[in-house]
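Spelled out from the first residue to the last, the chains are:
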Amino acid sequence: MPELLLTNPKGKRHSAKLVAASTNQRPNEIQMRELDQINKRLPSQILAEMSARGLAIPPREFGLLLSHLKAPDLTISIGD
């Protein structure tokens, strides 16, 4: 399953699982706010690639992903 890969300038990697958008569960109100923040922090090319491939971030990944996205100078990519 594809993953969203986050790499800081020192080379430390974090990842978040991606799932098919059609099977993704609907986030609750708090998770929707987290998702809005995530979408603001992700580069537009990553969002476009996720959309084109029909991928979504499952709600269980939101909190941890959001904390990792706050780090400066991240390199973000999608890996298979």
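Look up a bit, the structure's there.
Residues numbered from 1 in each chain as written. Predicted model: local features only at pLDDT ≥ 70, side-chain atom pairs only at ≥ 80, totals over all residues. Heavy atoms only, no water.

Undergrad: Could you give me a rundown of the nonpolar core, with the residues and numbers involved?
TA: L4, I38, I57 and L65 are the most contacted members of the largest nonpolar core, which has 16 residues in total. Listed by contribution, the elements that provide at least two residues to this core are β1 (3-7), α2 (44-52), α3 (62-69) and β5 (75-79). Beyond its immediate sequence surroundings of up to four residues, L4 is in contact with H14, S15, A16, L18, L42, I46, I57, L65, I76, S77 and I78. (Core = buried A, V, L, I, M, F, W, Y, C linked by side-chain atoms within 4.5 Å. Buried < 20%, exposed > 50% of the residue type's maximum accessible area, 1.4 Å probe, protein only. Helix = DSSP H or I, 4+ residues; strand = E, 2+ residues; numbered from the N terminus. Contact = heavy atoms within 4.5 Å.)

Undergrad: Any details on α3? Residues and values, ideally.
TA: Those residues of α3 not exposed but buried are F62, L65, L66, H68 and L69. Taken around the axis of α3, the buried residues stretch over an arc of 165 degrees, which confines them to a single face. Considering only its buried residues, α3 is in contact with β1, β2 (13-17), α1 (29-41) and β5. (Arc of directions from axis to C-beta.)

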